[in-house]
Amino acid sequence: MRITNSMLVRNMMTNLNKNMRRMSKLQEQYQSGKLFQLPSDNPVGVSKSLKLYTDKSKIEQYKTNLRDAIAWMNTTEDALAQIGEVMKRTNELTVKASNSTQADEDLQAISEEIKELKNQIVQAANTTHAGRHVFSGYKTDKPLLDENGKYKFELSSTEISTYNVGVSENIEVNTVGIKVFGMDNTVDDTENYNATSINSGDTAYVIKVFDDLIGALENDPPQLDKVRGSIEKVEGILKNTLQVRAEIGAKTNRLDMTEKRLESDAINFTRLLSENEDADLSEIIMNFKMAESVYLASMSAGARIIQPSLIDFLR
């Protein structure tokens, strides 16, 4: 087969363009810092990066959910801490009032302070986080108790809200008011923190204890036997409050550990993404210099192979 000058030119231009494209691709990688720009550059690498970006996005959402859950439970824990302080003070006043040496005016002063403590309990029961009531189950737009300490709506103990903080990992964040404030058993006048449901207008057990204590102190004459009987009830409320706080603390500790794991996962996925798509600039520069040398050498070789023709001399 006769090799013509045009064939040599065509082959030379094909190879030159090929070498130029290689240089262009290396230049793009250097400028962008990425190994690929289009799916066609590296279909497998792009597919892997998309999966990693999806997983990383999920982790960021889990972290957002987790921070919201921790903030919610911190608000709940603060409310429980306030209730605990109120009950400690109530216990001190009840023990003091049970002493038969107290004058009537002293008992009246104790009664007035206990009324204020009762109001603080109602305020704590209606604690909000970002405009949502933390003890109201699913009905977070409604306060739990009215000013008299009665439940404002029907409430079920199963109204538990959960936050998704990981793959198939959910955690209960809200504490239903029944568990903290109880329901008064009118038959035997005992506490019930495990009631399955309450109705609108039911009196919270904690408030009932306050009302009975105030009534005993303001009776004429004061009913000190009932006051003494309230001491055990007040201590029982304090014990239940501490138990609920302990449960909140355990959940918060779990979330703290989950947060550390998510931070570790986020770092790991970022590293995997970098390994998959980030360019090694020193390697890119070296490859570019090699490609440039090949390109210049091919141009030099082409100039030597393709000799001037008669037409070139006639120009």
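Each value, and the rule that gives it
Residues numbered from 1 in each chain as written. Predicted model: local features only at pLDDT ≥ 70, side-chain atom pairs only at ≥ 80, totals over all residues. Heavy atoms only, no water. Helix = DSSP H or I, 4+ residues; strand = E, 2+ residues; numbered from the N terminus. Buried < 20%, exposed > 50% of the residue type's maximum accessible area, 1.4 Å probe, protein only. Contact = heavy atoms within 4.5 Å. Areas by Shrake-Rupley, 256 points an atom, 1.4 Å probe, with all protein chains shown as cover. Phe/Tyr/Trp six-rings, centres within 6.5 Å; stacked < 30°, edge-to-face > 60°. Polar contact = N/O pair within 3.5 Å; in protein donor to acceptor, adjacent residues only side chain to side chain. Pairing = 2+ DSSP bridges. Core = buried A, V, L, I, M, F, W, Y, C linked by side-chain atoms within 4.5 Å. Axes fitted to C-alpha atoms, helices over the stretch in contact; angles between N-to-C directions. Parallel < 35°, antiparallel > 145°, perpendicular 65-115°, else oblique. Left-handed = near helix turned anticlockwise from the far one by under 90°. Salt bridge = Lys/Arg side-chain N within 4 Å of Asp/Glu carboxyl O.

Caption draft 1: Examining the overall build of the protein more closely. Assigned secondary structure in the protein consists of eight helices and six strands. Residue burial in the protein is summarised as follows: out of 315 residues, 39% are buried. Long-range pairs, those at least 24 residues apart, make up 68% of the contacts in the protein with a sequence separation of at least 6. When the accessible surface of the protein is totalled, it reaches about 18,100 Å², and 52% of it is carbon and sulfur.

Caption draft 2: Representation of the packing of aromatic side chains in the model. What the rule picks out here adds up to two aromatic pairs. Seen from their ring centres, F135 and F181 are 5.5 Å apart, and the 90° between their planes marks the pair as edge-to-face. Remark: F181 occurs in helix α4 (residues 177-181) and F135 occurs in the loop between β2 (132-133) and β3 (155-156); sequence separation between them is 46 residues. Of the two residues, F135 and F181, both sit in the buried class. Considering the side-chain rings of Y193 and Y205, the 6.1 Å spacing of their centres and the 90° angle between planes classify their relative orientation as edge-to-face. Pair noted here: Y193 is in the loop between α4 and β6 (197-198) and Y205 is in helix α5 (residues 205-218), with a separation of 12 residues, a long-range link.

Caption draft 3: Region of the structure containing the side chain of E169. Turning to its location among the elements, E169 is positioned in strand β5 (residues 169-172). With a relative accessible area of 18%, E169 lands in the buried category. Side-chain polar atoms of E169 contact the side chain of R261, separated by 2.7 Å. Excluding residues within four positions of it along the chain, E169 makes contact with Y163, N164, R254, T258 and R261.

Caption draft 4: Focus on the side chain of S98. Topologically, S98 is positioned in the loop between α2 (43-97) and α3 (104-125). Under the relative-accessibility criterion, S98 is labelled buried at 11%. Every residue in contact with S98, bar those within four places of it in the chain, is listed here: V227, R228 and I231.

Caption draft 5: Main features of the pairing of strand β4 (residues 162-166). Where β4 and β5 come together, four bridges link them in antiparallel fashion. Bridge pairing in β5 links Y163 to I171. From the end of β4 to the start of β5, which pair antiparallel, there are two residues, and S168 there has a positive phi angle of about 55°.

Caption draft 6: Structural context of the nonpolar core. One finds I121, L144 and F181 to be the most contacted residues of the largest nonpolar core, which totals 64 residues. Elements represented by at least two residues in this core include exactly α2, α3, β4, α4, α5 and α6 (224-277). Considering every element that reaches this core, the biggest residue donor is α2, with 15 residues. Apart from the residues within four sequence positions on either side, L144 is in contact with A125, N126, F135, S136, K150, Y151, K152, F153, L155, G177 and F181.

Caption draft 7: Summary view of the packing of α2 against α3. Taken N-terminus to C-terminus, the directions of α2 and α3 make an angle of 165°; their axes are 10 Å apart at the nearest point. As the angle between them shows, α2 and α3 are arranged roughly antiparallel. Of the two possible hands of crossing, α2 and α3 adopt the one that is left-handed. Along its contact with α2, which presents A79, Q82, I83, V86, M87, R89, T90, L93, K96 and A97, the element α3 presents L107, I110, E113, I114, L117, Q120, I121 and A124.

Caption draft 8: Spotlight on the pattern of salt bridges. Scanning all chains against the criterion turns up 18 salt bridges. In this structure, the salt-bridge partner of R245 is E77, at a minimum N-O distance of 2.4 Å. Here E77 lies in helix α2 and R245 lies in helix α6, a separation of 168 residues in the sequence. With relative accessibility at 22%, the residue E77 sits in the partly exposed group. With a shortest N-O distance of 3.5 Å, K115 and E112 are connected by a salt bridge. Within this pair, K115 and its partner E112 are both found in helix α3, separated by three residues, close to a single helical turn. Look at E112 and you get partly exposed, because its relative accessible area is 37%.

Caption draft 9: Highlighting the environment of P221. Within the secondary structure layout, P221 lies in the loop between α5 and α6. When its relative accessible area of 56% is taken as the criterion, P221 is described as exposed. Sequence-wise, P221 and D104 are 117 residues apart; in three dimensions their C-alpha atoms are separated by 8.7 Å.

Caption draft 10: Unusual backbone geometry, seen in detail. Residue P221 is reached from D220 by a cis peptide bond, and omega for that bond is 5°. Phi is positive for A130, close to 55°, though the residue is something other than glycine. Within the secondary structure, A130 is located in the loop between β1 (128-129) and β2. Given a relative accessible area of 71%, A130 falls into the exposed group.

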